Amino acid sequence: MEREEKSGESEKDSQKEAEKEESRKIVLPGDYIADKSGRKVWGGAYFDGEKVFSKVLGIPRVGEDDISVIPLSGNYMPRINDRIVGVISSVEISGWMVDINSPYPAFLPLNDAVDEFVDTERTDISKFFDIGDAIFCKISKVTKDKTVRVSMRSLGARKLYGGIIVKMTPSKVPRLIGRGGSMINMIKSRSDCIIYTGRNGVVWLRGENKAKAIEAILKIEEGSHISGLTEKIEKLLGKDIKDSGESEKKSVE
Amino acid sequence: MVMAKTDEKLIVKGKRKDGRKPEDLRPVKLELDVVKRADGSSQASFGNTVAVVAVYGPRKLYPRFLQESDTGILRCRYNMAPFSVDERKKPGPSRRSVEISKVTRLAFEPAVFLEDFPKVTIDVFVEIIAADGSTRVTGINAASVAMAAAGVPMRDLVSACSVGKVDGEYVVDLNGIEDNNSDADIAFAMMPNKDLITLLQMDGRLTKEELMKLLEMAGENCRKIYSMQREVIMKKYERVEAEDERGDVE
């Protein structure tokens, strides 16, 4: 990929600034975003000759090396290395089919799920995962024709016992997580829940105050475009939990 | 609303039956999210013509033999409600609705990135709940907005309008009575940013010059409709704030 030499900086800087300014806007399918100038075009963007357009309703990202559009709606499309919450939909001979909240099902091979040696002739592998079990896993492979493979060989991958599942729009998941995990950590600490957030829009949670946590998640889903959302959620989760936490502590004392 | 043939003059002193000038559109109303459980939905009304569109997908496609391993498919269904016309329409598909379903699909196929979705389908349901001419273009306009809202990747929005020749004059956005008594009428859809036509149907007789003139008018009005489609989607998301990074999971 060619990149232009960094000459005539001030001019280019102002151009970049303008592009950055532009990137705050919302684009619709067919909207012109920027000139390609040797940059990589991916995500919700496409190019026609030298010009880059949007494919979807979303927010454009114009970077130094790449141009993309973050969609604001749409179903989950599996991407490699995404960490997701899936539900086992069927048990096969040497693996499992996993529902990943996408039009495409995923396959979890036995050797990517279990560490010990398993003799498939003699073992019923449903003892590891059975239909309906929720797992937190990683997408390990996506082929061109969207055959998806998931793996449990990743940090934090595990079977999720009990708990309940909440679904939200996949494109709003980053909003739920917040910058550096600020939002989700707040929900976790204030509701005293264990929460696993899948990139595919499936959220698994378990804990005492899960009703509060679900309320917060649904609120984020509903108002993901409102600024100052963190404060609103803070208010919603509110003092009462803190108070109840304190009173609990007191009672323990 | 009289749909039958009439001998009356439809354009008197440069004004049409409903008081419009020949080059005017009827009052347009577009609305988003009218079907709660759909991935994207909209309602469009052009005068008395009302279309409700629901878009589902991309979603799994069954029966499996319909699946294409290198591309997704688009399925459209155009249906008129029995109560949408003066005399009750027999429910269910007809020769006419099958044709319109097909041309609706063909109007969108060049716009949608179907190659991004191998083996799956995008389903578009167009229900005409009140019909007063130009139903197929109303359906296409609504479907375009609904698909954009559903997050379907497209090269451009599709905008459509009807034009025709009534009482020897060129008119835009024909209503029911004009449609039934026109010398010719054209259903037209295009991708306004790309300047590409995706639907062109004509009923009646026109000379080449007349046709070119009408196409020009159609293009002009499609751009007007495009800006309305834009506006309705933008209104919903105008305060969207960008989230900078894909935050860390867990």
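On a predicted model such as this, the values are computed, not experimentally measured, just so you know. (Residues numbered from 1 in each chain as written. Chains lettered and ligands numbered in written order. Predicted model: local features only at pLDDT ≥ 70, side-chain atom pairs only at ≥ 80, totals over all residues. Heavy atoms only, no water.)

Further remarks concern the overall build of chain A. Counting its secondary structure elements, chain A contains five helices and 15 strands. Per-residue burial over chain A gives 47% buried out of 253 residues. (Helix = DSSP H or I, 4+ residues; strand = E, 2+ residues; numbered from the N terminus. Buried < 20%, exposed > 50% of the residue type's maximum accessible area, 1.4 Å probe, protein only.)

Bringing helix α2 (residues 135-150) of chain B into the picture now. All names here are of chain B. For α2, with 16 residues, the first-to-last C-alpha span of 22 Å sits near the 22 Å given by 1.5 Å per residue. Within α2, 16 of the 16 residues are buried, which leaves the element mostly enclosed by the surrounding structure. A positive backbone phi angle near 85° is found at Gly 151, which sits one or two residues after α2. (Expected span 1.5 Å × (residues − 1).)

With that out of the way, let us pick up the interface of chain B and chain A. Taken together, the contacts link 43 residues of chain B with 43 residues of chain A. Here chain B is connected to chain A by two salt bridges. Note that Arg 230 of chain B and Asp 31 of chain A form a salt bridge whose closest N and O atoms lie 2.8 Å from each other. For the interface between chain B and chain A, the tally reads 13 residue pairs in polar contact (both at pLDDT 80 or more). At the level of secondary structure, the elements contributing two or more residues to the side of chain B that touches chain A comprise β5 (49-60), α2 and α4 (208-237) of chain B. With six residues, the single largest contributor to the side of chain B that touches chain A is α4 of chain B. Taken together, the residues of the side of chain B that touches chain A break down into 19 nonpolar, five polar and 19 charged. (Contact = heavy atoms within 4.5 Å. Salt bridge = Lys/Arg side-chain N within 4 Å of Asp/Glu carboxyl O. Polar contact = N/O pair within 3.5 Å; in protein donor to acceptor, adjacent residues only side chain to side chain. Nonpolar A, V, L, I, M, F, W, Y, C, P; charged D, E, K, R; others polar.)

What makes a disulfide is a covalent bond joining the sulfur atoms belonging to two cysteines. Counted under the stated rule, the structure contains zero disulfides over all chains. For the unlinked cysteine Cys 161 of chain B, the closest cysteine sulfur is that of Cys 222 of chain B, found at 4.1 Å. (Disulfide = S-S within 2.5 Å.)

Residue and element names in this part refer to chain B. Going through the model one piece at a time under the given rule, you end up with seven aromatic pairs over all chains. Relative to Phe 125, the ring of Tyr 56 lies with its centre 5.8 Å away and its plane at 80°, an arrangement referred to as edge-to-face. One end of the pair, Tyr 56, is in strand β5; the other, Phe 125, is in strand β7 (residues 120-130), and 69 residues separate them in sequence. (Phe/Tyr/Trp six-rings, centres within 6.5 Å; stacked < 30°, edge-to-face > 60°.)

Further remarks concern the environment of Ala 148 of chain B. Residues and elements named next belong to chain B. For Ala 148, the location among the structural elements is in helix α2. With relative accessibility at 1%, the residue Ala 148 sits in the buried group. Between the alpha carbons of Ala 148 and Ile 186 there is a distance of 25 Å; along the sequence they are 38 residues apart.

Residue and element names in this part refer to chain A. Interaxial distance between helix α3 (residues 182-191) and helix α4 (residues 210-222) falls to 10 Å at its minimum, and their mutual angle equals 155°. Looking at the two axes, α3 sits roughly antiparallel to α4. Crossing geometry of α3 relative to α4 is assigned as right-handed. Between α3 and α4, the residues in contact are Met 183, Ile 187 and Ser 191 and Ala 213, Ala 216 and Ile 220, respectively. For the contact of α3 with α4, the per-class residue count stands at five nonpolar, one polar and no charged. (Axes fitted to C-alpha atoms, helices over the stretch in contact; angles between N-to-C directions. Parallel < 35°, antiparallel > 145°, perpendicular 65-115°, else oblique. Left-handed = near helix turned anticlockwise from the far one by under 90°.)

Attention now goes to the pairing of strand β9 (residues 169-172) of chain B. Residues and elements named next belong to chain B. For strand β8 (residues 159-166) and β9, the ladder comprises four bridges, and the chain directions are antiparallel. In the sheet register, Gly 164 faces β9, and the bridge partner there is Val 171. Here β8 folds back onto β9 in antiparallel fashion, the turn holding two residues, of which Asp 167 has a positive phi close to 50°. (Pairing = 2+ DSSP bridges.)

The subject of this paragraph is the pairing of strand β6 (residues 73-80) of chain B. All names here are of chain B. In terms of residue burial, β6 counts as a mostly covered element, since six of its eight residues are buried. Strand direction decides the pairing type here: β6 and β7, joined by eight bridges, are parallel. Residue pairing in the sheet places Asn 79 in a bridge with Glu 127 of β7. Tracing the backbone out of β6, into helix α1 (residues 95-108) and back to the parallel element β7 gives a crossover that is left-handed. (Right-handed = clockwise from strand over helix to strand, strands pointing away.)

Quick look at the nonpolar core now. Membership of the largest hydrophobic core comes to 91 residues, with the highest contact counts inside it found for Trp 96, Leu 108 and Phe 129 of chain A together with Val 55, Val 124 and Met 147 of chain B. Discounting chain neighbours no more than four positions away, the residues touching Val 55 of chain B are Ala 38, Asp 39, Gly 40, Ile 122, Asp 123, Val 124, Ala 143, Ala 146, Met 147, Ala 150 and Val 152 of chain B. In this structure, Met 168, Val 173, Met 183 and Val 203 of chain A belong to the second largest nonpolar core, which totals 21 residues. (Core = buried A, V, L, I, M, F, W, Y, C linked by side-chain atoms within 4.5 Å.)

This part covers the confidence of the model for chain A. Averaged over all residues, the pLDDT of chain A equals 84, while 83% of them reach at least 70. Contacts from residues 1-9 of chain A, a stretch scored under 50 in pLDDT, to residues over four places away or in other chains number twelve contacts. (pLDDT = per-residue confidence, 0-100.)

Now for the packing of α1 of chain B against α2 of chain B. All names here are of chain B. Running from N to C, α1 and α2 point in directions that differ by 45°, and their axes come no closer than 11 Å. The orientation of α1 relative to α2 falls into the category oblique. In this structure, the crossing between α1 and α2 has a hand that is right-handed. Listed contacts from α2 to Arg 96, Glu 99, Ile 100, Thr 104, Ala 107 and Phe 108 of α1 are Thr 135, Arg 136, Ile 140, Ala 143, Ser 144 and Met 147.

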